[in-house]
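Descriptive structure summary
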Amino acid sequence: MLSSDDVHAYLWGLDNPERPYVAVDLLGNDKIEDVKENITFSKLHPTSDSLFIYGTNKGSLKLSDLRISSQSDNAMSFKSEMGSQQKNFITDMIASYSSGEFMRNGKYIATRDYLTVKVWDVCNCKKPVQSVMIQEGVKGKLCEMFENEAIFDKFSLSCSSDSNTIVTGNYNNSFHMLDLDSNSHTQYELNYKKATLSKPVLNAKMPNLPKIDYLRKTNACDFNPKKNIAAVASLNCFFIYSM
């Protein structure tokens, strides 16, 4: 079992549950207030107990193999470059990973940052094999979202049992389904009258949102590990969908 806090990732053994093994230590000899990079999620490989991934608030995704080294400095680093875009404190915030999962028997990794879902090949750390924009319409509102602290919101991600579909959340009571086989992208809007509205997202472009309800956000979502059933939550409501 794998767990993590802001600066450590722990491997737990059922034979000795009181003493976990520290697999990642970002604190070292520093004080906690001096640490600039924090762990935001961690996930164990589905078939190998020596492989795990973790993401950070600096937009760094790392794959560690304990058979090679237990030091996080030797982990394979997946770094998504911002290209020619000028970097500032806001671009650093939206690059922070909030969720990630292994998929297709651990051959690929799906991650969620503030704006996008990315799919990575574990054999190619230079760039993602697929990048899907989830929140295209909020790009012009990032300064506003920083002021009201919405930019610190974390959205989870989950993969279906066959690894063909990814579900992740958004604002305005909506969530997204990404079908990797058909390369389709559909946005669903939660409705408390049980009439869920859906619309396709064409060319990965979302229109600018005239108004964003920052309180009505779908932070949590998860797929059943064996069936194509997804659960999403917004505010105090819980919804279950059958694919």
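Residues numbered from 1 in each chain as written. Predicted model: local features only at pLDDT ≥ 70, side-chain atom pairs only at ≥ 80, totals over all residues. Heavy atoms only, no water.

**Observations regarding the pattern of salt bridges**
Heads up, the rule is: A pairing counts as a salt bridge when a side-chain nitrogen of Lys or Arg comes within 4 Å of a carboxyl oxygen of Asp or Glu. A simple rule labels every residue: compare its accessible area, found with a 1.4 Å probe on the protein chains alone, to the largest value its type can have, and call it buried under 20%, exposed over 50%, or partly exposed in between.
If you walk through the whole model with that rule in mind, you get 5 salt bridges. Residue D113 pairs with K118 through a salt bridge whose shortest N-O separation is 2.7 Å. Judged by relative accessible area, D113 falls into the buried class, the value being 6%. Judged by relative accessible area, which is 8%, K118 ranks as buried.

**Remarks on the sheet that holds strand β8 (residues 99-103)**
Put simply, the rule reads: In this description, strands pair whenever DSSP reports at least two bridges between them. The helix count covers DSSP runs of H or I at least four residues long, the strand count covers runs of E at least two residues long, and both are numbered beginning at the N terminus. What counts as an axis is a line fitted to C-alpha atoms, over the stretch in contact for a helix, and the angles between N-to-C directions run from 0 to 180 degrees.
The 4 strands lie next to each other as β8-β9-β10-β11, forming an open sheet whose pairing is antiparallel. Bordering the open sheet on either side are β8 and β11 (130-133), each of which pairs with just one other strand. The average undirected angle you get between the axes of adjacent strands in this sheet is 15°. Looking at chain direction, β8 and strand β9 (residues 108-112) are connected through 5 bridges and run antiparallel. In the sheet register, E101 faces β9, and the bridge partner there is A110.

**Things to note about the pairing of strand β3 (residues 16-25)**
Here 5 bridges tie strand β2 (residues 8-13) to β3, and the two strands are oriented antiparallel to one another. Bridge assignment links H8 to a residue of β3, and that residue is D25. Here β2 folds back onto β3, and the loop between the two strands holds 2 residues.

**Comments concerning the packing of aromatic side chains**
The test is simple: Here is the rule: rings of Phe, Tyr and Trp (six-membered ring for Trp) pair when centre to centre is within 6.5 Å. Planes less than 30 degrees apart are stacked, more than 60 are edge-to-face, and the remainder are tilted.
In this structure the tally under the stated criterion is 9 aromatic pairs. Plain terms: the ring middles of F78 and W120 are 5.6 Å apart, the flat faces sit at 75° to each other, and that makes the pair edge-to-face. Placement of the pair is F78 in strand β7 (residues 76-79) and W120 in strand β10 (residues 116-121), with a sequence separation of 42 residues. For W120, a relative accessible area of 0% puts it in the buried group. Here Y114 and F155 contribute two aromatic rings whose centre-to-centre distance is 6.4 Å and whose plane-to-plane angle is 55°, an arrangement assigned as tilted. You can see Y114 sitting in the loop between β9 and β10 and its partner F155 sitting in the loop between α2 (142-147) and β12 (157-159), a full 41 residues away along the chain. Residue F155 is classed as buried on the basis of its relative accessible area, which comes to 1%.

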